[in-house]
Amino acid sequence: MIAKGRFITLEGGEGAGKSTQARLLAAELEKRGIAVVVTREPGGSPGAEDIRKLLVEGEPGRWDPLVETMMMFAARADHAAKTIKPALARGSYVVCDRFTDSTYAYQGSGRGLPRETIRRIESIAVPDLKPDLTLILDVPTETGLRRAEARHGGASRFERFDIAFHERLREAFREIARHHPERCALIDATQSEDEVSAAILRVVEARCGV
């Protein structure tokens, strides 16, 4: 009998450290004999990675919020079908840097697309895939943007949106954590990399029994 896979997502604003923490969590799970697939959004499958380039490059106003959201979900549907669902079916843990919560934060709260519009697109694109656990990494907006710019040596398309946009993102993620405590855990990402990793591992141990 194949063990049940678990779908763990990491969320948060720019520069919160999600990619690093996803890798650290995967490494710790693998030490415990758990098969892990680390992936990201937008992207995570060949088709979705092609769409990612359109989304993260160029000027902030390149895409209308609705068009941007539809592209996000097109990438997500391919990612789910080609990467996430097969891994879960094998009994692997999937650790994903962003998922649907980011669309509600970025395109919803950030860019003003109605929540119901996003929900309707989600119901078509990925109607049957929800995270088992979402780790929301919280960091002050300006701190996160400084980290992100230092990491890239320059800003990506989303990082170039104004500070008010990024403040809305932070509040949106915090609100998601408040509204879904059974699924979400808010992690203080102002701590050191090791401290954040330890906090994440405590949550995963408690909620997933690893």
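Bear in mind that the values here come from a model prediction, so they are computed numbers and not experimental data. (Residues numbered from 1 in each chain as written. Predicted model: local features only at pLDDT ≥ 70, side-chain atom pairs only at ≥ 80, totals over all residues. Heavy atoms only, no water.)

(A) Local environment of the pattern of salt bridges. Under the definition given, this model contains 17 salt bridges. The closest approach of N and O atoms between E116 and R119, which form a salt bridge, is 2.7 Å. Here E116 and its partner R119 are both found in helix 5 (residues 115-125), three residues apart, which amounts to about one turn of the helix. What makes E116 partly exposed here is its relative accessible area of 41%. The class for R119 is partly exposed, based on a relative accessible area of 38%. In this structure, R178 and E171 form a salt bridge, with 2.6 Å as the shortest nitrogen-oxygen distance. (Salt bridge = Lys/Arg side-chain N within 4 Å of Asp/Glu carboxyl O. Helix = DSSP H or I, 4+ residues; strand = E, 2+ residues; numbered from the N terminus. Buried < 20%, exposed > 50% of the residue type's maximum accessible area, 1.4 Å probe, protein only.)

(B) How the structure looks around the sheet that holds strand 2 (residues 36-40). Strand order in this open sheet of five strands is 2-3-1-4-5, and the pairing throughout is parallel. Single-partner strands in this sheet number two, and they are strand 2 and strand 5 (184-188). Direction aside, neighbouring strands of the sheet carry axes that sit 20 degrees apart on average. Looking at chain direction, strand 1 (residues 7-11) and strand 3 (residues 93-97) are connected through four bridges and run parallel. Bridging from a neighbouring strand, T9 pairs with C96 of strand 3. Of the strands in this sheet, strand 1, strand 2 and strand 3 touch helix 3 (residues 65-89), which is tilted by about 160 degrees from strand 2. Sheet contacts for helix 8 (residues 193-208): strand 1, strand 3, strand 4 (133-138) and strand 5; angle to strand 4, the most-contacted strand, approximately 160 degrees. (Pairing = 2+ DSSP bridges. Axes fitted to C-alpha atoms, helices over the stretch in contact; angles between N-to-C directions. Contact = heavy atoms within 4.5 Å.)

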